[in-house]
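# Inside the fold
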Amino acid sequence: MSIALPCLKSETVRVGHALVCSFTGDMILDSEPVAAQALGAALDQRPALLAVDLAGVELFTATGLNMLLAARLRAVAEDVTLVLIAPSQRTLRVLELTDTAALFAVHATVYDALRLHPLRPPPV
């Protein structure tokens, strides 16, 4: 499934019991519907692991941070492991400045995340 706005694109693919939700563009107020829908749809599938690939995110604002925090809360409540993939130094700086960096496991690649987080079948 792909969703696009001029400022943000998302694509979600399944890798075994994991989902990889990749974003490209700017995570700003105008892109909130795209990102929120993509993350919500991914969590609706109750994957064992949700990898949020931020390698293509150029601008990351408080809107992006709030979407990640909301997705993390839902993931914790539903026993879904949520990790971040390849956030830029600017995105990491936003997480550090807001004291939220420790809330997210960060991996360089999807393959690193898959290797370090054992996958179990999602609950029935």
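Below, the structure is looked at part by part. (Residues numbered from 1 in each chain as written. Predicted model: local features only at pLDDT ≥ 70, side-chain atom pairs only at ≥ 80, totals over all residues. Heavy atoms only, no water.)

### Things to note about the pattern of salt bridges
Taken as a whole, this structure holds five salt bridges when the rule is applied. The shortest N-O distance in the salt bridge between E78 and R74 comes to 2.9 Å. Residue E96 is joined to R93 by a salt bridge in which the shortest nitrogen-to-oxygen separation is 3.7 Å. With E96 and R93 both in helix α3 (residues 89-97) and three residues apart, the pair spans about one turn of that helix. Given the relative accessible area of 44%, E96 is considered partly exposed. Several salt bridges share partner residues, and in doing so they unite D44, R46, R74 and E78 into one network. (Salt bridge = Lys/Arg side-chain N within 4 Å of Asp/Glu carboxyl O. Helix = DSSP H or I, 4+ residues; strand = E, 2+ residues; numbered from the N terminus. Buried < 20%, exposed > 50% of the residue type's maximum accessible area, 1.4 Å probe, protein only.)

### Quick look at the nonpolar core
Grouped together as the largest cluster of nonpolar side chains are 27 residues, with contacts concentrated most on F23, M27, L50, V52, L54, L82 and L84. Examining the composition of this core, we find that six residues originate from one element, helix α1 (residues 32-44), more than from any other. A18, L49, A51 and V110 belong to the second-largest nonpolar core, a separate cluster that totals eight residues. (Core = buried A, V, L, I, M, F, W, Y, C linked by side-chain atoms within 4.5 Å.)

All we've got here are geometric facts, nothing functional implied.
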